[in-house]
Amino acid sequence: VALIVAFFAFDLGRFLSLDYLKSQQAEFAALYAQRPLLVIGVYALIYVVVFALALPVGAVMTLAGGALFGLLAGTVVVSFASSIGAALAFLASRFVLADSVRGRFGQRLAEVDRGIAKDGPFYLFTLRLIPAIPPAAINLLFGLTKMRTWTFYWVSQLGMLAGTIVYINAGTQLAKIESARGILSPGLIVSFLLLGFFPLIAKKIVDTVKARKVY
């Protein structure tokens, strides 16, 4: 609670905005070249906190990961950081926030329990592929189920991977923009088309997996 209040009270979000990160891109790149493990460690820690607390800068952080680390390293770092953050929120819901979460999402909990009973971990995998469902709600609701923490972790990581790759790739293209003309670059246009079509792609993946009955 203190971290969330501090984030908004001191307007810390301004340091995680796309404009600020873009203005500091050269400095971040130089620091990363000099001390890559330190930069990755600090970025991953901040990302874990952002994702665990559901702060409204997750998308920008993911784009920044692509801009700073590139497609491969950025995907690996964000994938693990987001999954760890999700697991922490899951555990907080289970052991600390159970009553408040049940009071807020009680009606949805029965639906989640039915989904798990019917499809098992695949139900979580499906929800992770649907961008319209807030990740924070999934983390909190599943914390009140009987799903094991390890199962929640690896299924979440697998389910969020496709979306992570799409956002990281867009971040790598944003890093290349040096002027307004760069906005019309083919790479950036394709990247943002992927962002727009990702919900349809995710639905196709879910339908295909369901048709093959892969659980």
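Conventions we followed
Residues numbered from 1 in each chain as written. Predicted model: local features only at pLDDT ≥ 70, side-chain atom pairs only at ≥ 80, totals over all residues. Heavy atoms only, no water. Axes fitted to C-alpha atoms, helices over the stretch in contact; angles between N-to-C directions. Helix = DSSP H or I, 4+ residues; strand = E, 2+ residues; numbered from the N terminus. Parallel < 35°, antiparallel > 145°, perpendicular 65-115°, else oblique. Contact = heavy atoms within 4.5 Å. Nonpolar A, V, L, I, M, F, W, Y, C, P; charged D, E, K, R; others polar. Expected span 1.5 Å × (residues − 1). Buried < 20%, exposed > 50% of the residue type's maximum accessible area, 1.4 Å probe, protein only. Arc of directions from axis to C-beta.

Things to note about the packing of helix α3 (residues 25-34) against helix α4 (residues 36-52)
Direction vectors running N to C along α3 and α4 enclose 120 degrees, while the axes themselves pass 5 Å from each other. With respect to each other, α3 and α4 are oriented oblique. In this structure, α3 uses Leu31, Tyr32, Ala33 and Gln34 to contact α4, whose residues at the interface are Pro36, Val39 and Ile40. For the contact of α3 with α4, the residue count by class is 6 nonpolar, 1 polar and no charged.

Some remarks on α4
Compared with the 24 Å implied by 1.5 Å per residue over 17 residues, the 24 Å span of α4 between its first and last C-alpha is a close match. Regarding α4, the residues found buried are Val39, Tyr43, Ala44, Tyr47, Val48, Val50 and Phe51. All buried residues of α4 fall inside an arc of 165 degrees around its axis, so they share one side. α4 presents Leu37 and Leu45 as exposed residues on the side facing more than 90 degrees away from its buried surface. Looking at the buried side of α4, the elements it contacts are α3, α5 (58-69), α6 (71-95), α9 (135-142) and α10 (149-174).

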